[in-house]
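A look at the structure
Given next are the chains, with one letter for each unit.
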Amino acid sequence: MSENFDVIVLGGGPGGYVAAIRAAQLGLKAAVVERENLGGICLNWGCIPTKALLRSSEINHLLHNLKEFGFAADNIRFDLPAVVKRSRAVAKQLSSGVTHLLKKNKIPVFMGTGKLAGKNTVKVGDKTLTAPHIILATGARARQLPGLESDGKLIWAYREAMVPPALPKSLLVIGSGAIGIEFASFYRNMGAEVTVVEVLDRILNVEDAEISAFAHKAFEKQGIKIITSAKVTGATKGADNVTVTIEAKGATQKITVDRVISAAGIVGNVEDLGLEGTGVKVDRTHVLIDEFCRTGEPGVYAIGDIAGPPWLAHKASHEGVVCIEKIAGLHPHPIDWTNIPGCTYCRPQVASVGLTEARAKEEGHQVRVGRFPFIGNGKAIAMGEPEGMVKVVFDATTGALLGAHMIGAEVTEMIQGYAIARTLETTEAELIATVFPHPTVSETMHEAVLDAYGRVIHF
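Residues numbered from 1 in each chain as written. Predicted model: local features only at pLDDT ≥ 70, side-chain atom pairs only at ≥ 80, totals over all residues. Heavy atoms only, no water.

**What to know about the overall build of the protein chain**
When its secondary structure is counted, the protein chain shows 13 helices and 26 strands. For 459 residues, the compact-globule formula gives about 23 Å, and the C-alpha radius of gyration of the protein chain, at 23 Å, lands near that figure. Dimensions of the protein chain, computed from C-alpha atoms along their principal axes, come out at roughly 70 × 65 × 45 Å. Within the protein chain, contacts between residues separated by at least 24 positions form 63% of all contacts whose residues are at least 6 apart in sequence. Of the charged side chains in the protein chain, 47 are positive and 48 negative; the average position of the first set lies 5 Å away from that of the second. (Helix = DSSP H or I, 4+ residues; strand = E, 2+ residues; numbered from the N terminus. Rg over C-alpha atoms; globule rule 2.2 N^0.38 Å. Contact = heavy atoms within 4.5 Å. Lys, Arg positive; Asp, Glu negative; His and termini not counted. Charge placed at Lys NZ, Arg CZ, Asp CG, Glu CD.)

**Details of a nonpolar patch on the surface**
A contiguous nonpolar surface patch, about 300 Å² in accessible area, is contributed by Leu 62, Phe 69 and Phe 71. In this fold, Leu 62 is placed in helix α3 (residues 47-63). (Patch = residues over 30% accessible without salt bridge, like charges linked within 9 Å, V, L, I, M, F, W, Y side chains within 5 Å. Areas by Shrake-Rupley, 256 points an atom, 1.4 Å probe, with all protein chains shown as cover. Salt bridge = Lys/Arg side-chain N within 4 Å of Asp/Glu carboxyl O.)

**Let's talk about the environment of His 458**
Topologically, His 458 is positioned in the segment after α13 (443-452). Exposure remark for His 458: the relative accessible area of 52% places this residue in the exposed category. Between the C-alpha atom of His 458 and that of Gly 378, which follows or precedes it by 80 residues, the distance is 9.9 Å. Residues in contact with His 458, not counting those within four places in the same chain, are Phe 372, Gly 376 and Glu 447. Looking at His 458, its side chain comes within polar contact range of the side chain of Glu 447, at 2.4 Å. (Buried < 20%, exposed > 50% of the residue type's maximum accessible area, 1.4 Å probe, protein only. Polar contact = N/O pair within 3.5 Å; in protein donor to acceptor, adjacent residues only side chain to side chain.)

**Topic: the sheet that holds strand β4 (residues 109-111)**
A sheet is described by the order of its strands in space; here 5 strands give the open sequence β4-β3-β2-β8-β21, paired in parallel fashion. Either end of the sheet is taken by a strand with one partner, and the two such strands are β4 and β21 (300-302). With strand direction ignored, the average angle separating the axes of adjacent strands in the sheet is 20°. Relative to strand β3 (residues 30-34), strand β2 (residues 7-10) is paired through 4 bridges, and the arrangement is parallel. By the bridge assignment for β3, Ile 8 is matched with Ala 31. Sheet strands touched by helix α8 (residues 313-327): β2, β8 (133-136) and β21. Its angle to β8, the strand with the most contacts, is close to 170°. (Pairing = 2+ DSSP bridges. Axes fitted to C-alpha atoms, helices over the stretch in contact; angles between N-to-C directions.)

**Topic: helix α11 (residues 411-423)**
In this model α11 runs 19 Å from its N-terminal to its C-terminal C-alpha over 13 residues, within 8% of the 18 Å that 1.5 Å per residue would give. For α11, the set of buried residues is Val 411, Thr 412, Met 414, Ile 415, Tyr 418, Ala 419, Ala 421 and Arg 422. Each buried residue of α11 sits inside an arc of 165° when the element is viewed along its axis, so together they form one side. Among the exposed residues of α11, those oriented more than 90 degrees off its buried face are Glu 413 and Thr 423. If you follow the buried residues of α11, they end up packed against β22 (342-344), β23 (349-354), β25 (389-395), β26 (401-408), α12 (428-433) and α13. Glu 425 sits one or two residues past α11 and shows a positive phi near 55°. (Expected span 1.5 Å × (residues − 1). Arc of directions from axis to C-beta.)

**A look at helix α4 (residues 80-104)**
If you check α4, its first and last C-alpha atoms are 36 Å apart, about what 25 residues at 1.5 Å a residue would give, namely 36 Å. Of all the residues in α4, the buried ones are Leu 80, Val 83, Val 84, Ser 87, Ala 91, Ser 95, Val 98 and Leu 102. On its buried side, α4 packs onto α1 (16-25), β3, α2 (40-45), α3, β4 and α5 (158-162). Lys 106, located one to two residues past α4, shows a positive phi value of around 55°.

**As for the sheet that holds strand β10 (residues 155-156)**
With parallel pairing, 5 strands are arranged side by side in an open sheet as β10-β17-β11-β12-β13. This sheet does not close on itself; its edge strands, each paired only once, are β10 and β13 (225-227). For β10 and strand β17 (residues 259-262), the ladder comprises 2 bridges, and the chain directions are parallel. Note on β17: the bridge partner recorded for Trp 156 is Ile 261. Contacts between helix α6 (residues 178-189) and the sheet are confined to β10, β11 (170-174), β12 (193-197) and β17, with β12 contributing the most and set at about 165° to the helix.

**What about the side chain of Glu 182?**
Within the element layout of this structure, Glu 182 appears in helix α6. Among the polar contacts listed, one links the side chain of Glu 182 to the backbone nitrogen of Tyr 345, at a separation of 2.9 Å. Setting aside its immediate chain neighbours within four residues, Glu 182 contacts Thr 50, Lys 51, Leu 54, Cys 343, Thr 344, Tyr 345 and Cys 346.

**Let's talk about the packing of aromatic side chains**
Under the counting rule described, the total for this entry stands at 5 aromatic pairs. Ring centres of Phe 186 and Tyr 187 lie 4.8 Å apart, and the angle between their planes is 80°; on these two criteria the pair is classed as edge-to-face. Residue Phe 186 is classed as buried on the basis of its relative accessible area of 2%. A relative accessible area of 0% places Tyr 187 in the buried class. Counting every residue linked through ring pairs, the aromatic cluster contains Trp 156, Phe 186 and Tyr 187. Across the ring face of Trp 45, the terminal group of Arg 88 is positioned such that the distance to the ring centre comes to 3.8 Å. Sitting over the ring of Phe 292, Lys 326 keeps its end group 4.2 Å from the ring centre. (Phe/Tyr/Trp six-rings, centres within 6.5 Å; stacked < 30°, edge-to-face > 60°. Lys NZ or Arg CZ within 6 Å of the ring centre and 35° of its normal.)

**A word on the state of the cysteines**
If you walk through the whole model with that rule in mind, you get 0 disulfides. The thiol sulfur of Cys 323 is not disulfide-bonded, and the nearest other cysteine sulfur, from Cys 293, lies at 5.0 Å. (Disulfide = S-S within 2.5 Å.)

**So, the nonpolar core**
Formed by 35 residues in total, the largest nonpolar core has its most connected members in Tyr 187, Val 194, Phe 219 and Ile 261. The element that contributes the greatest number of residues to this core is α6, accounting for 5 residues. Each residue touching Val 194, except ones within four places of it in the same chain, is listed here: Leu 171, Val 173, Ala 184, Tyr 187, Arg 188, Gly 223, Ile 224 and Lys 225. (Core = buried A, V, L, I, M, F, W, Y, C linked by side-chain atoms within 4.5 Å.)

So, in structure tokens, the structure goes:
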């Protein structure tokens, strides 16, 4: 016996469950197939539990810097198992919330591994599901480096790094993307000695070069050791530590640390999906799609991490909505991936949307660039957060906002202002005419725009 649907979604993460709910809203009969936990990596082992950990680490940092705010406290300490327990509880609460949302929208969930089994057909164990539209939303997993595979004890991937049984006194993080830098920030704020190794010539490589350089200095000031243009070529495990060999700029050094966190990218979950013999094309473990998430196989779509960068939960959700609306015969705007903001929740935070200055020039734009430092902002100073800056890039001819790049306290909340501006195709004229409330850190966004046009007031 087979069960028939309009849409089958393989994967119940932030792309899959959102696509299914949007389908139900539009009157389509949808089903979700999930092999592990609803909410996917994001809710269970990614975005959400890491933010809970980072919040605890920020509190730890503040408690050790109370004197600046006129307070004194003795014998400050933390309970790491309780910190981890809170993080896991937050993840569980939100994953349960997804279960509720799917039930509310009358969307059945089939637990197990789904696989394409012919046109319009998915097999889940001994069940056969059919639908004219099948969405691949199976996500991705941590890339395992040869010789540095996670073992659950001395070498960790992101899952192990989120549930440490004890705080390592020292650790080495391989990779300086968002995942690596967030873990480096968490463990440094909790008191560990942290070294970051990056194979490229700068950290946070997807960010604008100025923001990357600013972050590098800020992290080093906190005591994080950063080695760029370097790679780990070997690891020797001891009883309770690891000695790694690092090659950098023609020199070799050995560092012994309690633990290693491997954060060297992710790999799309494209295996065992039954893609063989279909028109679905895979490039470097990611499924190729068009601006409406269609693959090369009619009736098969892909969204989220399996469909390539940027590897962000909100990108997956947006793709899911656009994909479903196209299936339903609506006329959604084609996806513009440059309008998807990126956020890194380290200290200080990093956020951006659109083109970097270098990319804008590569694409042939004549640019106008504006900058404003947090030290010129009253609210940032009052908060004790004067470390940061905002940078904006405009097309010098049209005034179009090409990109915005931020580092500092709460910039992950502020970047959405620029994301809206880009979506609305706003120019400098509208941004300059916008009234920003005072005192807020968001005023730095206004001042950066003013600076691009020679009108900055407070710096």
